[in-house]
Amino acid sequence: MQKVAVKKSFCTTREAATLLGVSVGTVQLWVESGLLQAWKTAGGHRRVLRDSVDKLLHKENAPPQKEMAPTSPALNPQKLTIMVVEDDLALLRLYPTNLARWPMAPEVTTVNNAIEALMLIGRKCPDLLILDLHMPGMDGFKMLNVLHETPAMANTTIVVVTGLDDAAILAHGGVPPNIEILRKPIAFARLLSIATGLVSPSHLQRAPG
């Protein structure tokens, strides 16, 4: 009789990291933040529910949009990387069109949900993260909480672009004081000023890992 392979209902943190393409530390962080469901065995080993891993993988099926502007090696030896997290598809198309005109020719990745953004950040942190706060599912406030516990994000500049007023932001607990808040409509001139300040060898030369 032919044996039927039975899919395990759980996996180790290392197995989950391999499936998701991130580090074990990132998986542990996502478990603690509630992105992944897990429990600990009597021996203290963490087991991750395979269903929660599959849900994250399903959200990543659609590849992120990228707009690559022409290279400008005279300006900086390494491209400035920018990630935009915004659920409004019209704005998501507007960002690459405008950012492609910037003199430093940044590499732009656009993502329409926080979970997919966290998965990409788990693999490589951008130099500049532009984040909306009001999004379905995991919103920008929760995403900021997760990023606050991510050591690799220490070299990333985060800017919030939102339509929420001060009262609404405070009602959600606010944002860290070191994060600049810009209002919609998008202030592309201010974003360019912030990005220009990041274009330097000392900022763009990251440590490996």
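(A) Spotlight on helix α4 (residues 89-99). Residues L91, L92, Y95, P96, N98 and L99 constitute the buried set of α4. The backbone nitrogen of A90 lies 2.9 Å from a side-chain oxygen of the residue at the head of α4, namely D88.

(B) Main features of the pairing of strand β9 (residues 180-183). Bridge count between strand β8 (residues 157-162) and β9: four bridges; the pairing is parallel. Paired with V161 across the two strands is L182, which belongs to β9. Regarding topology, helix α7 (residues 166-171) serves as the crossover connection from β8 to the parallel β9, and that connection is right-handed.

(C) Looking closely at the sheet that holds strand β1 (residues 10-12). Judged by pairing direction, the sheet is antiparallel, and its three strands sit side by side in the order β1-β3-β2 without closing on themselves. The sheet terminates laterally at β1 and β2 (38-40), the two strands that pair on one side only. Strand-to-strand, the axes of this sheet are offset by a mean angle of 35°, without reference to chain direction. Sheet analysis places β2 next to strand β3 (residues 46-49), joined by three bridges and oriented antiparallel. In the strand pairing of β3, W39 is matched with R47. Across the sheet, helix α1 (residues 13-20) lies against β1 and β3, angled at about 95° from β1, the strand it touches most.

(D) Local environment of the pairing of strand β7 (residues 128-131). Burial of β7 is two-sided: the residues L128 and I130 facing one way and the residues L129 and L131 facing the other way are all buried. Alignment of strand β5 (residues 81-85) against β7, held across four bridges, turns out to be parallel. Following the sheet pairing, M83 is matched in β7 by L129. Relative to β8, β7 runs parallel, the two being bridged by four bridges. Of the residues in β8, the one forming a bridge with L129 is I158. Traced from β7 through helix α6 (residues 140-148) to β8, the parallel crossover comes out right-handed.

(E) Region of the structure containing the environment of V84. Here V84 lies in strand β5. For the pair V84 and I130, spaced 46 residues apart in the sequence, the C-alpha separation amounts to 4.7 Å. Setting aside residues no more than four positions away along its own chain, V84 makes contact with L92, Y95, V108, T109, T110, V111 and I130.

(F) Region of the structure containing the packing of helix α5 (residues 114-123) against α6. The N-to-C vectors of α5 and α6 enclose an angle of 20°; their axes lie 10 Å apart at closest approach. One way to sum up the angle between α5 and α6 is to call them roughly parallel. Judged by the sense of rotation from one axis to the other, the crossing of α5 with α6 is right-handed. Here A114, A117, L118 and I121 of α5 come into contact with α6, specifically with M143, V146 and L147. Along the lines of polarity and charge, the residues of the contact of α5 with α6 split into seven nonpolar, no polar and no charged.

Reading the values: the criteria
- Residues numbered from 1 in each chain as written.
- Predicted model: local features only at pLDDT ≥ 70, side-chain atom pairs only at ≥ 80, totals over all residues.
- Heavy atoms only, no water.
- Buried < 20%, exposed > 50% of the residue type's maximum accessible area, 1.4 Å probe, protein only.
- Helix = DSSP H or I, 4+ residues; strand = E, 2+ residues; numbered from the N terminus.
- Polar contact = N/O pair within 3.5 Å; in protein donor to acceptor, adjacent residues only side chain to side chain.
- Pairing = 2+ DSSP bridges.
- Right-handed = clockwise from strand over helix to strand, strands pointing away.
- Axes fitted to C-alpha atoms, helices over the stretch in contact; angles between N-to-C directions.
- Contact = heavy atoms within 4.5 Å.
- Parallel < 35°, antiparallel > 145°, perpendicular 65-115°, else oblique.
- Left-handed = near helix turned anticlockwise from the far one by under 90°.
- Nonpolar A, V, L, I, M, F, W, Y, C, P; charged D, E, K, R; others polar.

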